[in-house]
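Coordinate inspection notes
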Amino acid sequence: MLDAMRTHDVLIVGGGLIGCALACELAKAKQRVAVVEKGEPGQEASQAAAGMLAPHAGAGRRTPFLQFLRDSLEMYPQFVGELESETGLKTEFRRCGLFYVVLSEDDEKFLEEKREWQVQSLIETGWVSAKDVRDREPHIGSCVRRALYFPGDCQVDNVRLFAAVLARARKLGVEFVPESPAIRVWIEKEVVRGVLTEKEKLESPVVVNAAGSWAPFDPELGFEIPVKPARGQIAVFAHHAPLFRHIIQTRRVYLVSRDDGRVLVGSTVESA
């Protein structure tokens, strides 16, 4: 049996960082918002990341999406400033910069090509000698030949960030519907009516799909959502103090230091 129907201005499917951050903005605009989550908020991809905000180092070519990422990054200081002020929680956001290090001749060729189009695209970057890298990062290995430096790239502790977003959403009166997998967007006569979950019908004229890897949850939607799950693995090492001031990246791994001394090392991407 379906429970008594609940009505909202907006329903958001997916209780990760994106869904909850959007819920905050809508609630600030006086909308009645509910977030429908198949498990508990923030327990999937929002927890399992290194918190790199590095559109410049990660880009392979100039695209509209790259500009979207750059514009988003420019909004981050205000975004986290409001979060920290409203909740009293720290996010460890900082504009730390990134060293993309050269370890081999293949790396040299790869990064020379990357730098060429990025300079043409007016992305701030430049070569740093091995000595300068080690002067700024004493724990870097002697195998580093030189590095491409991206001063505009940033990092944030994604776990702390989500905790602040969730606290802000609850403070603003966002309703959460956990342990409720969405199974279909409720549509009648080509008009969106809400969401059907395994437990109940939720009514709303607006439905936002923020389900991430699980965005194609409704096989009857009538159009394809070209999103597939992917996963990676991160090794975390404990240390008594931060090892690196910058993000360190190679073509194979990246290293991100947290304020408590942990070092996150990411290495894999798997379709799964």
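These figures come from a predicted structure and were not determined experimentally.

Here we take up the sheet that holds strand β12 (residues 201-203). The strand order across the open sheet built from four strands is β1-β12-β11-β10, with neighbouring strands paired in mixed fashion. Two strands lie at the open edges of the sheet, namely β1 (6-7) and β10 (182-188), each paired on one side alone. Here strand β11 (residues 191-197) runs beside β12; their pairing, made up of three bridges, is antiparallel. By the bridge assignment, V195 is partnered in β12 with L202.

Counting buried positions along strand β7 (residues 146-150) gives four out of five residues, so the element sits mostly inside the fold. Here five bridges tie strand β5 (residues 98-102) to β7, and the two strands are oriented antiparallel to one another. Residue pairing across strands places L98 opposite F150, the latter belonging to β7. Both strand β6 (residues 126-129) and β7 contribute to a ladder of four bridges, which runs antiparallel. Within the sheet, the bridge partner assigned to V128 lies in β7 and is A147.

A separate point is the sheet that holds strand β15 (residues 234-237). Sheet architecture is open: seven strands sit in the order β6-β7-β5-β16-β17-β18-β15, paired in mixed fashion. Each end of this open sheet is capped by a strand with a single partner; those strands are β6 and β15. On average, each strand axis in the sheet is tilted by 25° relative to the strand beside it, whichever way the strands run. Against the sheet, helix α4 (residues 105-120) touches β5, β6 and β7, its axis set at about 140° to β5.

This next bit is on the environment of V156. By secondary structure assignment, the location of V156 is in the loop between β8 (154-155) and α6 (158-171). Each C-alpha atom, one on V156 and one on D9, is 31 Å from the other, the two residues being 147 residues apart in sequence. In contact with V156, not counting residues within four places along its chain, are A50, G51, L53, T91, E92, F93, L161 and R258.

Calculation rules
- Residues numbered from 1 in each chain as written.
- Predicted model: local features only at pLDDT ≥ 70, side-chain atom pairs only at ≥ 80, totals over all residues.
- Heavy atoms only, no water.
- Pairing = 2+ DSSP bridges.
- Helix = DSSP H or I, 4+ residues; strand = E, 2+ residues; numbered from the N terminus.
- Buried < 20%, exposed > 50% of the residue type's maximum accessible area, 1.4 Å probe, protein only.
- Axes fitted to C-alpha atoms, helices over the stretch in contact; angles between N-to-C directions.
- Contact = heavy atoms within 4.5 Å.

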